[in-house]
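A look at the structure
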Amino acid sequence: MKIKISIYIILLLIISGNALQAQNKIKWISFEEAIEKQKEVNKKLFIDVYTDWCGWCKKMDKTTFLNPVIVEYINKNYLPVKFDAEQKTLINFQGKDYNFVKNGRRGYHELAATITRGQLSYPTYVFLDEQMNVIQPVPGYQDEVTLEYILNYFGEDIYKKVPWKKFTEEYKPKNKK
């Protein structure tokens, strides 16, 4: 009987630990899913434009994107999209078809080039407003504090009223360096 109870307790701890861990992750969706979901929830999109070979992209996944403040803010305020800049899937966006373009040994997806405004460096984070217009692509690795600033600046529409420099002087991040 004691063994059964012990096994039951261990299983309960494992299940609850997995559930808790799932809550502490960004709920990434595909670009196509975001287009559909955005019609219902009317949120901005946060798009992580990455490649499989990008070391800084992997570092973001292992560090910044696991930070509880970042996870909570992204999940609450954005539709988070993981977008492989080298995917070969045809995507129709705003009435236009976007395809993979072979370029040397690799290539790129036309939608990645469009939303990054031709800045095909990885990682790049692209913010789309509720009407699905590009607000701003932000290239490069971002630590927790820097990304928190950026997420709030665009997520709260502060970019419409306050210059970046003034915002960074006044904003008090939850994350500390």
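Refer to the structure printed above.
Criteria and thresholds
Residues numbered from 1 in each chain as written. Predicted model: local features only at pLDDT ≥ 70, side-chain atom pairs only at ≥ 80, totals over all residues. Heavy atoms only, no water. Salt bridge = Lys/Arg side-chain N within 4 Å of Asp/Glu carboxyl O. Helix = DSSP H or I, 4+ residues; strand = E, 2+ residues; numbered from the N terminus. Buried < 20%, exposed > 50% of the residue type's maximum accessible area, 1.4 Å probe, protein only. Phe/Tyr/Trp six-rings, centres within 6.5 Å; stacked < 30°, edge-to-face > 60°. Lys NZ or Arg CZ within 6 Å of the ring centre and 35° of its normal.

Across all of its chains, the model carries nine salt bridges by this definition. One salt bridge connects D157 with K44, and the closest N-O pair in it is separated by 2.9 Å. One end of the pair, D157, is in the loop between α6 (144-155) and α7 (164-170); the other, K44, is in strand β1 (residues 44-50), and 113 residues separate them in sequence. Note on D157: relative accessible area 21%, which makes it partly exposed.

What follows covers the packing of aromatic side chains. For the coordinates displayed, the defined rule picks out 22 aromatic pairs. Aromatic side chains Y153 and W164 sit 5.0 Å apart centroid to centroid with 80° between the ring planes, which places their arrangement in the edge-to-face category. With a gap of 11 residues between them, Y153 in helix α6 and W164 in helix α7 connect regions that are remote in the sequence. Here W164 falls in the partly exposed class, since its relative accessible area comes to 36%. The cationic tip of K88 hangs over the ring face of F100; the distance from NZ or CZ to the ring centre is 4.4 Å.

Note that all results are geometric; they support no functional claim without further evidence.
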